[in-house]
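Take a look at the letters that make up each chain.
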Amino acid sequence: MRAAAFTAPGGPDVLRLMELPDPVPAEGQVLVRVRAAGVQPYDCAVRAGWLPAGVPPTFPRVPGNEFAGVVEVGTADLAAGTEVLGFGQLGAYAELIAVPADQVVVKPAGMPWEIGGGFSAGAQTAHIALAEIRPGAGETLLVHGAAGAVGTVAVQLAVAAGATVVATARPENHAYLRDLGAVPVAYGAGLADRLTAAAPGGFDAALDGAGGAALDVSLELVRDRDRILTLVDHGRAAALGVRVTPPARSAARLAALADLQDRGALKIHVRRTYPLAAAADAHRDVEPGHGRGKVVLTV
């Protein structure tokens, strides 16, 4: 099979198109022919040398932890030919991936491949994060990095729960965030004052997708640190008393979120697609972390 892989950690250019052996599914796994795979900061960290827990330190290493495709070798409950969405730790930047059957769900027929390939990580992370900080009706939620894949879903889920969402992003993404139901605020000097003006009653919770100064502002403006969650500033989280997302991805969660998207209750924006051979370009696109929506590899 073809895969975008690397033999030593480094910058985006270490990713190369390689011919690798086809994976062989173990007991309880399915083999999926990948049609699209999401690209995210997690994958950039893997490429740069970070190794998720439990992954053997071998090379070549294939990034990618979310995908959509067609089951090639199935199980008793999931037949070959079924169109699915799935998630894992690594391996999605490839023509074939073998994953446990409980990490895939049936793809809604109306969901395009590029949306399916980049759906699981952003949607599940947002859902898990909001379950931790619990924004509800009548409350005000602050979301930093709101135009990204996680922020896009978090804004919509929080608005649907009855919360007012104030969202930080670059000015060019403000119209996009208004369309999702948020009150947009620009990054930069004076951020705390602009946020206070946007929410004079204060903030009940915050989801930080930017880290650094954005997290510092959240600490200043949110009453209860236990209702602040950072997606990126993990090194400071424990000392500051803020939350990080627990490992709670599941097929049930993914299926419920995919159903929301299928019913038109969840908008997903794919910013750009790249062919598998251009994985390095896709990583360069993702690394700044300020783009609107999702970057996806098509396989």
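Every value quoted in this text rests on a predicted model; they were computed, and no experiment measured them.

S.K.: For this particular structure, what's the right way to read the sheet that holds strand 8 (residues 140-144)?
M.R.: Pairing between sheet strands relies on hydrogen bonds along the backbone, with the strands arranged either parallel or antiparallel. The strand order 10-9-8-11-12 describes an open sheet built from 5 strands, whose pairing is parallel. At either end of the open sheet lies a strand with only one pairing partner, and these are strand 10 (183-186) and strand 12 (228-230). Taken pair by pair, the neighbouring strands of this sheet meet at an average axis angle of 15°, ignoring direction. By the bridge criterion, 3 bridges tie strand 11 (residues 205-208) to strand 12 in an arrangement that is parallel.

S.K.: I keep staring at helix 10 (residues 279-286) and nothing clicks. Help me out?
M.R.: In an α-helix there are 3.6 residues to a turn, and that puts residues three or four apart on one side. Most of helix 10 is tucked away, with 6 of its 8 residues classed as buried. Restricting attention to buried positions, one finds in helix 10 the residues Ala279, Ala280, Ala282, His283, Asp285 and Val286. Buried-residue contacts for helix 10 involve strand 1 (2-5), strand 3 (29-39), helix 1 (41-48), strand 13 (270-275) and strand 14 (294-298).

S.K.: Is there a simple way to explain the side chain of Asn173 in this structure?
M.R.: Here Asn173 is to be found in the loop between strand 9 (164-169) and helix 5 (174-180). Exposure remark for Asn173: the relative accessible area of 4% places this residue in the buried category. Within the local environment of Asn173, its side chain forms a polar contact with the side chain of Arg292, the two groups lying 3.1 Å apart.

S.K.: Can you help me understand the pattern of salt bridges in this one?
M.R.: Should the charged atoms of two oppositely charged side chains come close, the side chains can pair. A full pass over the atoms with the stated rule returns 17 salt bridges. Note that Glu66 is salt-bridged to Lys294, the shortest N-O span being 2.5 Å. Of this pair, Glu66 sits in strand 4 (residues 66-73) while Lys294 sits in strand 14, and the two are 228 residues apart along the sequence. Both residues of the pair, Glu66 and Lys294, count as buried. The partner of Arg236 in a salt bridge is Asp233, with the nearest N and O atoms 3.0 Å apart. Because the salt bridges share partners, they merge into one network encompassing Asp13, Asp281 and Arg284.

S.K.: Sorry, what's going on with the packing of helix 6 (residues 191-198) against helix 7 (residues 213-221) here?
M.R.: Running from N to C, helix 6 and helix 7 point in directions that differ by 45°, and their axes come no closer than 10 Å. Of the possible angle classes, the one that applies to helix 6 and helix 7 is oblique. Regarding helix 6 and helix 7, the two cross each other, and that crossing is right-handed. Between helix 6 and helix 7, the contacting residues are Leu191, Ala192, Leu195 and Thr196 on the first element and Val217, Glu220 and Leu221 on the second. The residue makeup of the contact of helix 6 with helix 7, split by class, is 5 nonpolar, 1 polar and 1 charged.

Cut-off values and rules
Residues numbered from 1 in each chain as written. Predicted model: local features only at pLDDT ≥ 70, side-chain atom pairs only at ≥ 80, totals over all residues. Heavy atoms only, no water. Pairing = 2+ DSSP bridges. Helix = DSSP H or I, 4+ residues; strand = E, 2+ residues; numbered from the N terminus. Axes fitted to C-alpha atoms, helices over the stretch in contact; angles between N-to-C directions. Buried < 20%, exposed > 50% of the residue type's maximum accessible area, 1.4 Å probe, protein only. Contact = heavy atoms within 4.5 Å. Polar contact = N/O pair within 3.5 Å; in protein donor to acceptor, adjacent residues only side chain to side chain. Salt bridge = Lys/Arg side-chain N within 4 Å of Asp/Glu carboxyl O. Parallel < 35°, antiparallel > 145°, perpendicular 65-115°, else oblique. Left-handed = near helix turned anticlockwise from the far one by under 90°. Nonpolar A, V, L, I, M, F, W, Y, C, P; charged D, E, K, R; others polar.

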